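Each chain is listed here by its residues.
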Amino acid sequence: MSNRFRVAVVGATGAVGETMLSILAERRFPASEVIALASERSAGSRVDFGNDTLAVQDLAGFDPAGVDFALFSAGGDISREYAPKFAAAGAIVIDNSSAFRMEPDVPLVVAEVNPEALARIPRGIVANPNCSTMQMVVALKPIHDAAGITRINVATYQSVSGAGRSALEELGRQSAALLRFEDPNPSRFPVQIAYNLIPQIDAFADNGYTKEELKLVFETRKILGDDSIQVNPTAVRVPVFYGHSEAVHLETRDKITAAEARALLAKAPGVVVVDDPAKGEWPTPVTHASGNDPVYVGRIREDISHPRGLSLWIVADNIRKGAALNAVQIAELLATGGR
């Protein structure tokens, strides 16, 4: 590869695709050309790229020859069909869907956690983890390295942006309708989301867990390289526009104090500690995460119910760090040889 790269963004008109384009421009990725791709119905429209705009091209008719990096965020079906074609043409595909995450010959990478996994990309495809997994492992990596995590109990509080633009529109529409004492008329979600909580994200598996919850189990093990870690997740959709939150309760092999964990997290890449309850300082999706890059951690405390337990509150922007930023960070690592 040269010092400048042809970059394709697949799904450029979606929330994550638009953010990928924004971050590529913000971080001045060394691109000779950035190509915006989407479905035929979006072809000919324009999307923002820094101070410029790009014409959207039809993915189905696009020739991937000469593309160096292809950042995919168009859903699993599109990824399964087109990612291998881009890889066969010589591109490195960084895919945000769940299509390839658990494939043994596809690295599942979080830039701050396991960049060494980029040393081998046999299929030309790198997978981006699920947003809720991503923010959790950024915070847990230094603790796992220091004390060995054996078990994770996690409850997620996931914003509607994780369900796409239609979910954002539904929350806004329902909120306004209810303030006018009108029927919220749910359509995107099975029940009203405004002023409500929905304890189901994705379909249920036979064991009573949802697919979203099982992603937290298997992706965490793969990224941290430890299949012995036990994960017990509950995923909840909440009436927040942007930013996922997680209440995480850990059990470790070795005792680690809250002060020790706080010191480790303060030095961890990609993490910002916001943890002074006496001053009312703890992270929230609106005041900290939304529109920002770091993973914010607070409420760090020792678990009074377990001798080697630790509890954390973890917040991040699910569209930025949970998807778009990590994809660009992976491309940066590969572009500079810093894998």
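For the structure, see preceding data.
What counts, and at which threshold
- Residues numbered from 1 in each chain as written.
- Predicted model: local features only at pLDDT ≥ 70, side-chain atom pairs only at ≥ 80, totals over all residues.
- Heavy atoms only, no water.
- Helix = DSSP H or I, 4+ residues; strand = E, 2+ residues; numbered from the N terminus.
- Rg over C-alpha atoms; globule rule 2.2 N^0.38 Å.
- Buried < 20%, exposed > 50% of the residue type's maximum accessible area, 1.4 Å probe, protein only.
- Contact = heavy atoms within 4.5 Å.
- Areas by Shrake-Rupley, 256 points an atom, 1.4 Å probe, with all protein chains shown as cover.
- Lys, Arg positive; Asp, Glu negative; His and termini not counted.
- Charge placed at Lys NZ, Arg CZ, Asp CG, Glu CD.
- Pairing = 2+ DSSP bridges.
- Axes fitted to C-alpha atoms, helices over the stretch in contact; angles between N-to-C directions.
- Phe/Tyr/Trp six-rings, centres within 6.5 Å; stacked < 30°, edge-to-face > 60°.
- Lys NZ or Arg CZ within 6 Å of the ring centre and 35° of its normal.
- Parallel < 35°, antiparallel > 145°, perpendicular 65-115°, else oblique.
- Left-handed = near helix turned anticlockwise from the far one by under 90°.
- Right-handed = clockwise from strand over helix to strand, strands pointing away.
- Core = buried A, V, L, I, M, F, W, Y, C linked by side-chain atoms within 4.5 Å.

So, about the overall build of the protein chain. For the protein chain, the count of helices and strands is eight helices and 13 strands. In summary, the protein chain has a C-alpha radius of gyration of 20 Å against a globular reference of 20 Å for 339 residues, a match within 12%. Summarising its shape, the C-alpha atoms of the protein chain cover approximately 60 × 55 × 45 Å along the three principal directions. Looking at the protein chain residue by residue over its 339 residues, the buried ones come to 53%. Long-range pairs, those at least 24 residues apart, make up 68% of the contacts in the protein chain with a sequence separation of at least 6. Roughly 14500 Å² of accessible area belongs to the protein chain as shown, and the carbon and sulfur atoms make up 50% of that amount. Side chains of the protein chain carry 33 positive and 40 negative charges; the gap between the two charge centres is 2 Å.

Sheet strands associate in pairs through backbone hydrogen bonding, adopting either a parallel or an antiparallel arrangement. Taken in spatial order, the six strands line up as β9-β8-β10-β13-β12-β11 in an open sheet, and their pairing is mixed. Of all the strands in the sheet, the pair left with one neighbour each is β9 (230–237) and β11 (271–273). For this sheet, the mean inter-axis angle between neighbouring strands, taken without regard to orientation, is 20°. Bridging between strand β10 (residues 244–252) and strand β13 (residues 309–316) involves eight bridges; their strand directions are antiparallel. The partner of A247 across the bridge, within β13, is W313. Helix-sheet contacts for helix α3 (residues 131–147) involve β8 (149–158), β10, β11, β12 (295–302) and β13, and the interaxial angle to β10 is about 30°.

Moving on: the pairing of β12. When β11 meets β12, the two strands line up parallel, connected through three bridges. Paired with V273 across the bridge in β12 is V297. Here β12 hands over to β13 after six residues, the two strands then running antiparallel side by side.

Attention now goes to the packing of aromatic side chains. Describing an aromatic ring pair means giving the distance of the ring centres and the angle of the ring planes. For the structure shown, the criterion picks out six aromatic pairs. Taking 6.1 Å as the distance between ring centres and 45° as the angle between the ring planes, the aromatic pair formed by F5 and F29 counts as tilted. Pair noted here: F5 is in strand β1 (residues 5–10) and F29 is in the loop between α1 (15–26) and β2 (31–38), with a separation of 24 residues, a long-range link. F5 gets classed as buried once you look at its relative accessible area, which sits at 2%. Between the aromatic rings of F29 and F69, the centroid separation amounts to 6.0 Å while the plane-to-plane angle is 85°, which identifies the pairing as edge-to-face. Note that F29 is positioned in the loop between α1 and β2 and F69 in strand β5 (residues 69–72), a separation of 40 residues in sequence. Residue classification places F29 among the buried positions, given a relative accessible area of 7%. Across from the ring centre of Y82, 4.9 Å away, lies the NZ or CZ of K85, which sits over that ring.

Look at α3 against helix α6 (residues 258–267): their axes get within 9 Å of each other, and the N-to-C directions meet at 125°. Put simply, α3 runs oblique to α6. Relative to α6, the crossing made by α3 is right-handed. Taken together, the residues of α6 that come into contact with α3 (itself represented by A139, P142, I143 and A146) are A261, L264 and L265.

Moving on, we get to the pairing of β2. Most of β2 sits out of view: six of its eight residues are buried. Two elements, β1 and β2, share six bridges in a ladder whose sense is parallel. Counterpart to A8 in the pairing with β2 is I35. You can see the chain leave β1, run along α1 and come back into β2, and the turn it takes is right-handed.

The next thing to look at is the nonpolar core. Counting 55 residues, the largest nonpolar core has F86, I143, I152, L250, V297 and L312 as the members making the most contacts within it. With eight residues, α3 is the single largest residue contributor to this core. When neighbours within four sequence positions are excluded, I143 is seen to be in contact with G148, I149, L250, T252, I256, A261, L265, L310 and L312. Counting 36 residues, the second largest nonpolar core, distinct from the first, contains A36, V328, I330 and L334.

Ordered by their spatial adjacency, seven strands build an open sheet running β3-β4-β2-β1-β5-β6-β7, and the pairing between neighbours is mixed. The open sheet has two edge strands with one neighbour each: β3 (46–49) and β7 (125–127). On average, each strand axis in the sheet is tilted by 30° relative to the strand beside it, whichever way the strands run. Pairing between β5 and strand β6 (residues 92–95): four bridges, direction parallel. Bridging from a neighbouring strand, A70 pairs with V93 of β6.

Without other data, these values stay purely geometric and don't point to any function.
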